[in-house]
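# Understanding the architecture of this molecule
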Amino acid sequence: MFKVDKNITKPKFRGRGAPSKYPFKSMEVGDSFFVPVGKFKSISALNSSVMNSGAVSLGRRSNVSTCAVTEGGVEGVRAWRTA
């Protein structure tokens with residue numbers, strides 16, 4: 001048996017059926033965010049993940065710019081919304 005729950009709000013999903021892990025849609029031009037390497041094996045793998053998500057989210061790759069950075073001793077990628 002499964003318990004039936006009422007009044008649970010369905011999360012918003014993007015086109016491919018998975019929730020976006022990066023906040024591109026809520027960003028304004030000039031906003032940025034930092035993603036630590038964490039579960040990614042390398043900066044280039046993380047950068048690729050961020051860029052691909054940004055391209056899907058905003059429709060064009062040119063709307064996102066990324067740079068490998070170290071912030072507070074933590075390696076990662078900073079992504080900016082550029083257009």
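Relevant structure appears above.
The text that follows walks through the structure, step by step, so that each part is easy to find. (Residues numbered from 1 in each chain as written. Predicted model: local features only at pLDDT ≥ 70, side-chain atom pairs only at ≥ 80, totals over all residues. Heavy atoms only, no water.)

Take the overall build of the protein next. Looking only at helices and strands, one finds 1 helix and 3 strands in the protein. Split into buried and exposed, the 83 residues of the protein put 29% on the buried side. Considering only residue pairs separated by 6 or more positions, the protein has 50% of its internal contacts joining residues 24 or more positions apart. If you sum the accessible surface of the protein, you get close to 6000 Å²; carbon and sulfur atoms cover 54% of it. (Helix = DSSP H or I, 4+ residues; strand = E, 2+ residues; numbered from the N terminus. Buried < 20%, exposed > 50% of the residue type's maximum accessible area, 1.4 Å probe, protein only. Contact = heavy atoms within 4.5 Å. Areas by Shrake-Rupley, 256 points an atom, 1.4 Å probe, with all protein chains shown as cover.)

Across 8 bridges, the pairing between strand β2 (residues 64-71) and strand β3 (residues 74-81) is antiparallel. Considered in β3, the bridge of C67 is made with R78. In this antiparallel pair of consecutive strands, β2 and β3, the connection spans 2 residues, and G72 shows a positive phi of 60°. (Pairing = 2+ DSSP bridges.)

The topology assignment puts S49 in helix α1 (residues 43-58). At a separation of 3.1 Å, a polar atom in the side chain of S49 contacts the side chain of Y22. For S49, the residues in contact, after removing those within four places along its chain, are K21, Y22 and F40. (Polar contact = N/O pair within 3.5 Å; in protein donor to acceptor, adjacent residues only side chain to side chain.)

With that settled, consider the sheet that holds β2. Taken in spatial order, the 3 strands line up as β1-β3-β2 in an open sheet, and their pairing is antiparallel. On the outer flanks of this sheet lie β1 (32-36) and β2, each paired with one strand and no other. Sheet twist, expressed as the average angle between the axes of neighbouring strands with direction ignored, equals 25°. (Axes fitted to C-alpha atoms, helices over the stretch in contact; angles between N-to-C directions.)

Take unusual backbone geometry next. Even without being a glycine, N7 presents a positive backbone phi close to 60°. Within the secondary structure layout, N7 lies in the segment before β1.

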